[in-house]
Amino acid sequence: MNEKAHVLIVDDHRDIRDLVGKYLGQHGFRVSTASGGEEARRMLRAGSFDLVVLDVMMPGEDGLSLCRHLRETTEFPVIMLTAMAEETDRIVGLEMGADDYLTKPFNPRELLARIKSVLRRTRALPPSREKLPDGMLRFDRWKLDTAQRELIDENGVSVALSTADYRLLTAFIDHPGMVLNRDQLLDLTSGREARVFDRSIDNQVSRLRRKIERDPRQPVIIKTHWGGGYSFVADVEKL
């Protein structure tokens, strides 16, 4: 399944790097390791990876900072390793775009299962048109300031977007005209955490429609495909 997927393990504990690296190697993965953020950045510039396993608590640059950098510069998935008691780190990591998390101490077999699951999900996602640029975008009667995460109507009035609203809207804008099913939208917006807290992507789409459609009962921006999901059909231009 992994087709020799290349995994980068970033952890300041050598015993964890060696244990996980050996275990993943025995199960057909290519593995590289880094002891911290600085070394990881050098390796990321020099090599190609399919997934990063990233410890939160490290000397120097911590895992949350590196996760933010990865989300800004790459498309490959990230699994965070967090201490058992650090609930805040887990939540912040997911908000920064981590695809999954695992608490220490952990069984390497569970990490292997998580890696396979994340790779299976992300490889099934449709490719983005391109990474959403910072700046101003226009669609229908709206302007979206991606730097400020602000939505502005034709009268210059700002409309509040929750984090969930913004993630869903940008997922649609990144895949214009594509029919995205519910599972794909969950993975594009919230990853694994969505399966715990969000019972239905339909509710999120309905909330977003109430903010951007003139008539949410007859939507012209986000179309429903019965049995297939949703598509964003408005033209998008960079201002």
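Residues numbered from 1 in each chain as written. Predicted model: local features only at pLDDT ≥ 70, side-chain atom pairs only at ≥ 80, totals over all residues. Heavy atoms only, no water.

A. The arrangement of the sheet that holds strand 2 (residues 30–34) in detail. Taken in spatial order, the 5 strands make up an open sheet running 2-1-3-4-5, and their pairing is parallel. In this open sheet, the two strands that pair with only one neighbour each are strand 2 and strand 5 (100–104). Taking the axes of each pair of neighbouring strands and ignoring which way they run, one obtains an average angle of 20° across the sheet. Strand direction decides the pairing type here: strand 1 (residues 6–10) and strand 3 (residues 51–55), joined by 4 bridges, are parallel. Bridging from a neighbouring strand, Val-10 pairs with Leu-54 of strand 3. In the packing of helix 2 (residues 37–46) onto the sheet, contacts are made with strand 1, strand 2 and strand 3, and the angle to strand 2 comes to roughly 140°. (Pairing = 2+ DSSP bridges. Helix = DSSP H or I, 4+ residues; strand = E, 2+ residues; numbered from the N terminus. Axes fitted to C-alpha atoms, helices over the stretch in contact; angles between N-to-C directions. Contact = heavy atoms within 4.5 Å.)

B. Layout of the packing of helix 2 against helix 3 (residues 63–73). Where helix 2 contacts helix 3, the axes come no closer than 10 Å and their chain directions differ by 20°. Taken as axis vectors, helix 2 and helix 3 run roughly parallel relative to one another. The way helix 2 lies across helix 3 gives a crossing that is right-handed. Here Gly-37, Ala-40, Arg-41 and Leu-44 of helix 2 come into contact with helix 3, specifically with Leu-66, His-69 and Leu-70. Of the residues in the contact of helix 2 with helix 3, the class split is 4 nonpolar, 2 polar and 1 charged. (Parallel < 35°, antiparallel > 145°, perpendicular 65-115°, else oblique. Left-handed = near helix turned anticlockwise from the far one by under 90°. Nonpolar A, V, L, I, M, F, W, Y, C, P; charged D, E, K, R; others polar.)

All we've got here are geometric facts, nothing functional implied.
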